[in-house]
Amino acid sequence: MTLRGVHIPLITPFAENGELAVEALEGLAHAVLDEGAAGLVALGTTAEVAMLSEEERRAVLETCARVCRERHAPLMVGAGSADTRSTAEALVALKAWPEVTAALVTVPSFVRPSEAGVFAHFTALVERTPVPLVIYNIPYRTGQSVGVATLRRLGELPMVTGVKHAVGGVDLDTVMLLADLPSDFEVLAGDDPFFSALLALGASGGILASAHLHTARFVELEQAWRSGDAERARVLGHRLSALSASVFAEPNPTVLKGVLHSQGRIPTASVRLPLVPAGSASIEAVLRLL
Ligand SMILES: O=C(O)C1=N[C@H](C(=O)O)C[C@H](O)C1
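Remember, it's a predicted structure, so these values are computed and weren't measured experimentally. Every chain is numbered on its own, with residues counted from 1 as its sequence reads. A pLDDT threshold of at least 70 governs which residues receive local features in this predicted model, and a stricter bar of 80 or more applies before side-chain atom pairs are shown or counted, although totals over entire chains, interfaces and linings include all residues.

**Student:** Please give an account of the pairing of strand β6 (residues 160-165) that cites residues and values.
**Tutor:** With respect to burial, β6 is a largely interior element, six of its six residues being buried. Whether two strands pair comes down to DSSP finding at least two bridges between them. Runs of E in the DSSP output that reach at least two residues are strands. Runs of H or I that reach at least four are helices, and both are numbered from the N terminus. Across five bridges, the pairing between strand β5 (residues 133-137) and β6 is parallel. Considered in β6, the bridge of Leu133 is made with Val160. Bridge count between β6 and strand β7 (residues 186-189): four bridges; the pairing is parallel. By the bridge assignment for β7, His165 is matched with Ala189. We call a crossover right-handed when, viewed with both strands directed away from the observer, the connection leading from the first strand over the helix to the second proceeds clockwise. Running through helix α7 (residues 172-179), the crossover from β6 to the neighbouring parallel element β7 is right-handed. Put plainly, a residue is buried at 20 or more neighbouring C-beta atoms within 10 Å of its own, exposed at 12 or fewer, and partly exposed in between, counting only other residues' C-beta atoms, which are placed from the backbone.

See the structure below:
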């Protein structure tokens, strides 16, 4: 399998009564695929997964699976938690979903194990998982750094197919990792403003909440770097990085939902506590860039 391209971690739209807006979710899923997205990601951070009930998570997964089945598109599903045993159980449960092509598994958060503990966590998971794993490396959310040496060892594990790399910049470990990747292991950008920079260094694509907006341009950016059109890629990359930065001016996905609501693509801009809706200035700043 390849992780190439732009994958969209779908938001979870809510209706006026606070319930899941399934039709809007389905509409968004089709719209981003129409614009060239390589695949969908269900139940990522952007989906406010922590604030969804078990029943709602199932409904989101059913909707995304239906769309991916119809469109022959890959479907990645967020399946990480702080605990190895429950993460393994969540992965095993994915056997019931033949549309799921990979699981996005965060480095265990909050517990702050050593890097040896992180390695042992994923070593245990590869023995149980029915689908390939994409490691989600996001220290600012997990509180756990993973250096290049451990990332390379993780990349050599069977069933580990890549990393969603979101370290808040382009640091030395990122450069060193992309300079020498394990075989059959790909890097996806997971910090939207650094998408273009990571592509320039050899990333295969990205999982990008901000690519709900101007999806086709994010796709064009990936293709420009891939085809070696650096001049075009640089100009487009600078513009899209500015757009992404403004989408992340407040906690994700509050601004994004405000923008999608203004565009009439979702019924409300509602987010669930502890998230609070983005201010109108942040939403207008994004609308000015579109
Ligand atoms: O849900 C995701 O996957 C993403 N989450 C990141 C975050 O909220 O920190 C942002 C990224 O665009 C995708």
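**Student:** Explain helix α2 (residues 54-71) to me, using residue names and the numbers behind them.
**Tutor:** Since the α-helix advances by 3.6 residues per turn, residues separated by three or four positions end up pointing in the same direction. Expected span of a helix: the number of residues minus one, times 1.5 Å. Helix length check: α2, at 18 residues, gives a terminal C-alpha distance of 26 Å against a target of 26 Å (1.5 Å per residue), a fit within 8%. All of the buried residues in α2 are Val60, Leu61, Thr63, Cys64, Val67 and Cys68. Along α2, the residues classed as buried sweep out an arc of 160° about the axis, all on the same side. Along α2, exposed side chains directed more than 90 degrees from the buried face belong to Glu54, Glu55, Arg58 and Arg69. Once α2 ends, the next one or two residues include His72, with phi positive near 55°. The arc refers to the directions leading from the helix axis to the C-beta atoms.

**Student:** Hey, could you go over the UniProt feature "active site" (unreviewed entry) in the chain for me, with residue numbers and the actual values?
**Tutor:** UniProt positions are given in the numbering used here, feature names are shortened, and annotations may be inferred rather than shown by experiment. In the UniProt entry, the feature "active site" (unreviewed entry) is given for Tyr136 and Lys164. Taking the farthest pair of C-alpha atoms as the criterion, the annotated set spanning 29 residues converges on one region, since that pair is 4.8 Å apart. Tracing the chain through its elements places Tyr136 in strand β5. Of the residues examined, Tyr136 has 25 C-beta atoms within 10 Å and is grouped as buried. Each residue gets a C-beta atom placed from its backbone, and two residues are in contact if those atoms lie within 7 Å. With residues up to four places along the chain from it excluded, the contact list for Tyr136 reads Gly80, Leu104, Val105, Thr106, Val107, Lys164 and Gly190. Ignoring sequence-local partners within four residues, the contact set of Lys164 consists of Leu104, Val134, Tyr136, Asn137, Leu188, Gly190 and Ile207.

**Student:** Quick rundown of the environment of Ala249? Include the residues and the values.
**Tutor:** One can find Ala249 in the loop between α10 (230-247) and α11 (254-262). Classification of Ala249 by C-beta neighbours within 10 Å gives partly exposed; the count is 16. Not counting residues within four places of it along the chain, the set of residues in contact with Ala249 comprises Val255, Ser282 and Ala285.

**Student:** Please set out the pairing of β7 residue by residue, giving values where relevant.
**Tutor:** Covered by surrounding structure in β7 are Glu186 and Leu188 together with Val187 and Ala189, the residues of both alternating faces. Strand direction decides the pairing type here: β7 and strand β8 (residues 205-207), joined by two bridges, are parallel. Looking at β8, one finds that Leu188 is bridged to Gly205. Crossover β7 to β8 through helix α8 (residues 195-201) is right-handed.

**Student:** Requested: an account of the site of the ligand, with residues and values cited.
**Tutor:** Nearness here has a simple definition: the residue's C-beta atom, placed using the backbone, must lie within 6 Å of the molecule or strand. As a matter of local geometry, the ligand sits amid Pro9, Val41, Gly44, Thr45, Thr46, Gly190, Asp192, Ile207, Leu208, Ala209 and Asn252. Class assignment for the residues of the shell around the ligand results in five nonpolar, five polar and one charged. Gly is placed with the polar residues, together with every amino acid not listed as nonpolar (Ala, Val, Leu, Ile, Met, Phe, Trp, Tyr, Cys and Pro) or charged (Asp, Glu, Lys and Arg).

**Student:** Tell me what's going on with the nonpolar core, and back it up with residues and numbers.
**Tutor:** Put simply, a nonpolar core is buried Ala, Val, Leu, Ile, Met, Phe, Trp, Tyr and Cys residues tied into one set by C-beta atoms within 7 Å. Ranked by size, the top nonpolar core spans 86 residues in total, and within it Leu10, Leu40 and Ala42 carry the most contacts. Ranked by residues supplied to this core, first place goes to helix α1 (residues 22-34) with six residues. In contact with Leu40, other than residues within four places in its own chain, are His7, Ile8, Leu10, Ala29, Cys64, Val67, Cys68, Ala73 and Leu75.

**Student:** Outline the UniProt feature "binding site: pyruvate" (unreviewed entry) in the chain, listing residues and values.
**Tutor:** Under the local residue numbering, the UniProt record ascribes the feature "binding site: pyruvate" (unreviewed entry) to Thr46 and Ile207. Of the residues just listed, which span 162 residues, no C-alpha pair is farther apart than 10.4 Å, and they cluster in one region. Following the sequence through the fold, Thr46 ends up in the loop between β2 (39-42) and α2. Residue Thr46 is classed as buried on the basis of its 22 C-beta neighbours within 10 Å.

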